[in-house]
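Structure at a glance
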Amino acid sequence: MKQLLMQERFFLTIHILSTLFGLAGLLIVLPNPELIINLPPIGQSFFQLSMAGGGVAYIVFGAIAVSLYAYRTLGLVTTLGFMVPSIVLSLSSELLGTSTGFPFGHYQYLNGLGYKIADLVPFTIPLSWFYMGLTCYLLARGGLKVTLASSWVRHVAALAVAAILLTAWDLVLDPAMSQAPFPFWQFQEVGEFFGMPYRNLTGWMGTGLVFMTVAAVLWRGKPIVLSRPLLTLPLLVYLTNFGFGAVITVVALDPKFLLPTLLSVLFGVVPAIALWWTALRPDMPTLEPNSNSPEVADSPMNAIAK
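Thresholds applied
- Residues numbered from 1 in each chain as written.
- Predicted model: local features only at pLDDT ≥ 70, side-chain atom pairs only at ≥ 80, totals over all residues.
- Heavy atoms only, no water.
- UniProt positions renumbered as here; feature names shortened; annotations may be inferred.
- Helix = DSSP H or I, 4+ residues; strand = E, 2+ residues; numbered from the N terminus.
- Phe/Tyr/Trp six-rings, centres within 6.5 Å; stacked < 30°, edge-to-face > 60°.
- Buried < 20%, exposed > 50% of the residue type's maximum accessible area, 1.4 Å probe, protein only.
- Lys NZ or Arg CZ within 6 Å of the ring centre and 35° of its normal.
- Salt bridge = Lys/Arg side-chain N within 4 Å of Asp/Glu carboxyl O.
- Contact = heavy atoms within 4.5 Å.
- Core = buried A, V, L, I, M, F, W, Y, C linked by side-chain atoms within 4.5 Å.

**What to know about the UniProt feature "transmembrane region" (unreviewed entry) in the protein chain**
UniProt's entry tags residues 12–30, 50–69, 76–97, 117–140, 152–172, 201–219, 231–251 and 257–277 with the feature "transmembrane region" (unreviewed entry), counted in the numbering of this structure. Regarding residues 152–172, the helix share stands at 100% and the strand share at 0%, and the terminal C-alpha atoms are separated by 32 Å. Secondary structure over residues 257–277 splits into 95% helix and 0% strand, and the C-alpha atoms at its two ends are 29 Å apart.

**A few points about the packing of aromatic side chains**
Within the structure shown, the criterion is met by 19 aromatic pairs. Here W276 and W277 contribute two aromatic rings whose centre-to-centre distance is 6.0 Å and whose plane-to-plane angle is 50°, an arrangement assigned as tilted. You can call W277 exposed: its relative accessible area is 53%. Over the aromatic face of W276 sits the side chain of R228, whose NZ or CZ is 5.7 Å from the ring centroid. If you follow R228 out to its NZ or CZ, it ends over the ring of W277, 4.1 Å from the centre.

**So, the pattern of salt bridges**
Taken as a whole, this structure holds two salt bridges when the rule is applied. When the shortest N-O distance is used, the salt bridge between E8 and R72 registers 2.6 Å. Of this pair, E8 sits in helix 1 (residues 2–29) while R72 is found in helix 3 (residues 41–74), placing the two residues 64 residues apart along the sequence. Since its relative accessible area comes to 3%, E8 is described here as buried. The exposure class of R72 is buried, given its relative accessible area of 8%. Two residues, E189 and R199, come together in a salt bridge whose shortest N-O distance is 3.0 Å. Pair noted here: E189 is in the loop between strand 4 (185–187) and helix 7 (198–218) and R199 is in helix 7, with a separation of ten residues, a long-range link. By relative accessible area, E189 is classed as partly exposed at 23%. Exposure remark for R199: the relative accessible area of 36% places this residue in the partly exposed category.

**Considerations on the environment of L138**
Note on placement: L138 falls in helix 5 (residues 124–143). In this structure, the C-alpha to C-alpha distance between L138 and I224, residues 86 residues apart in sequence, is 9.9 Å. Those residues within four positions of L138 in sequence are excluded, and the remaining contacts are Y69, L74, W219, L226, L231 and P234.

**Details of the nonpolar core**
Membership of the largest hydrophobic core comes to 72 residues, with the highest contact counts inside it found for F82, Y131, Y137, L166 and Y238. A per-element tally of this core places helix 5 first, with twelve residues. Excluding its chain neighbours within four sequence positions, the residues that come into contact with Y238 are M132, C136, L139, L165, A168, W169, G268, V269 and A272.

Here it is, written out as structure tokens:
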């Protein structure tokens, strides 16, 4: 378990560093081509390689870090119970969206995010839905203290809050990725909300709600205890990915984009931190029924919390 924790922290660190490296490349190096020209040949080759694969690496490292974390804290079956529906359903939604315009509006992916499935959707996109969707759902579930004993209202509330967190991230991600000087996708229609069609936001919330609901059904009956220390990685991942989009949006775009950035802070960053803070402390009772039963006592979540 200790070795798994070290691997998890390693990939989280690489994920954060690749985010910073990507920001430096997009905001400093690319707008100043003289910096590239003055590099030695090996430096230019490295820069070309990093720009070609930087977007892919950033997402893949994030997915690996969250996968290792989920396996360590939730167990394999529970992890797959979220991973499979999130990847399959988000990919289906993206393929439908790039083909028909529903549910996100008419858009297309450009280059920079890796091999495109069916020549439409980069393979990294469903990975990002998975790891960001899981971080949002775990933060919501932990902050609202959802347990086996919780009512269906609390379960539904956790799904709604998680979908809002996920959509709040999109408020800075979409402008940064579609309207910055070096875009990764583009809308093929005039968007009413800072270049984005309103249905893009409803599409994000709807897609997130669908695969999180499927995962919640698959998790039904599983003892999952989410204390504050266990939610630190999800919080760091959420803040890192928010920061990536927010910095590009604020630095590279028109000042009018400060509004969606502030909305993202209000509906995403602030609730995420609040949910982490209100989660159970390790010294608090878990609120799970029959917490001394072998199934609960031997679960990965309780083993780590001890």
